[in-house]
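Spelled out, the chains give:
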Amino acid sequence: GAYSNKSDENTGVIAMIDLLIKDLDKEMTEAETEEKNAQVDYQATMSDAADKRAQDSKSLTEKDSFKADFETALQGHGEAQKSAVSELMATDKYISSLHAECDWLLQYFDVRKAARADEVDALTRAKAVLSGADYALLQTRSSGFLSRM
């Protein structure tokens, strides 16, 4: 009977060790599966991150290109604006000179009209004199003292 108890005890211990080995194999298999899944997830995440970096890099390059184009256009518009401003200033100066000339013409219009009328009258008399008329005794304009009153 002593062997049978020992044998039963050994069988119980061996069964427990076998159970522990099975549990350990099962846990290792689960751990390997989880690690493989985690590795696949990690690789997918890294691939997505690389794609995102590539897109961001491309987007940054495009934005830098747009920025450079806009800065070039801005510089061109600035030069055009300077040119337009200087042209406007020249036009304003020309308009000012025309305005001064027109003011002078308006101011002296009556004087010039009278002088022109006198000149036409003098030319008409000169023509008449050359044609034989005698204006020696004719008074054309009274500039005496009594005519002023």
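Here the structure is shown first, and the text comes after it.
Computed from a prediction, not measured in an experiment: that's the story for all the values here.

Participant: What is the right way to look at the overall build of the protein chain in this model?
Facilitator: Helices and strands together make up the secondary structure of the protein chain, namely 2 helices and 0 strands. Here the protein chain, with 149 residues, has 1% of them falling under the buried criterion. As displayed, the protein chain offers around 13900 Å² of accessible surface, 60% of which is attributable to carbon and sulfur atoms.

Participant: Help me understand the packing of aromatic side chains, please; the structure alone is not making it clear to me.
Facilitator: Per the stated rule, a full pass over the model turns up 1 aromatic pair. With a centroid separation of 5.3 Å and an interplanar angle of 45 degrees, the aromatic rings of Trp 104 and Tyr 108 are classed as tilted. Given the relative accessible area of 44%, Trp 104 is considered partly exposed. The exposure class of Tyr 108 is partly exposed, given its relative accessible area of 35%.

Participant: How do you make sense of the pattern of salt bridges when you look at a structure like this?
Facilitator: Pairing is possible between side chains that carry opposite charge, provided their charged atoms lie close to one another. Using the criterion set out here, one finds 3 salt bridges in the structure. The partner of Lys 52 in a salt bridge is Asp 56, with the nearest N and O atoms 3.1 Å apart. Of this pair, Lys 52 and Asp 56 both sit in helix 1 (residues 2–107), separated by 4 residues, roughly a single helical turn. With its nearest N and O atoms 4.0 Å apart, the salt bridge here joins Glu 71 to Lys 67. Of this pair, Glu 71 and Lys 67 both sit in helix 1, 4 residues apart, which is roughly one turn of the helix. Glu 71 sits in the partly exposed class, given a relative accessible area of 46%.

Participant: Can you help me understand helix 2 (residues 109–130) in this one?
Facilitator: Because an α-helix completes one turn every 3.6 residues, residues spaced three or four positions apart along the sequence face the same direction. Along its 22 residues, helix 2 runs 31 Å from first to last C-alpha, staying within 8% of the 32 Å computed at 1.5 Å per residue. Residue Gly 132 follows helix 2 closely and has a positive phi angle near 115 degrees.

Participant: Explain a negative patch on the surface to me, please; I cannot follow it from the model alone.
Facilitator: A surface patch of like charges, here negative, comprises Asp 23, Glu 27, Glu 30 and Glu 34. Note on placement: Glu 27 falls in helix 1.

Rules behind the numbers
- Residues numbered from 1 in each chain as written.
- Predicted model: local features only at pLDDT ≥ 70, side-chain atom pairs only at ≥ 80, totals over all residues.
- Heavy atoms only, no water.
- Helix = DSSP H or I, 4+ residues; strand = E, 2+ residues; numbered from the N terminus.
- Buried < 20%, exposed > 50% of the residue type's maximum accessible area, 1.4 Å probe, protein only.
- Areas by Shrake-Rupley, 256 points an atom, 1.4 Å probe, with all protein chains shown as cover.
- Phe/Tyr/Trp six-rings, centres within 6.5 Å; stacked < 30°, edge-to-face > 60°.
- Salt bridge = Lys/Arg side-chain N within 4 Å of Asp/Glu carboxyl O.
- Expected span 1.5 Å × (residues − 1).
- Patch = residues over 30% accessible without salt bridge, like charges linked within 9 Å, V, L, I, M, F, W, Y side chains within 5 Å.
- Lys, Arg positive; Asp, Glu negative; His and termini not counted.
- Charge placed at Lys NZ, Arg CZ, Asp CG, Glu CD.

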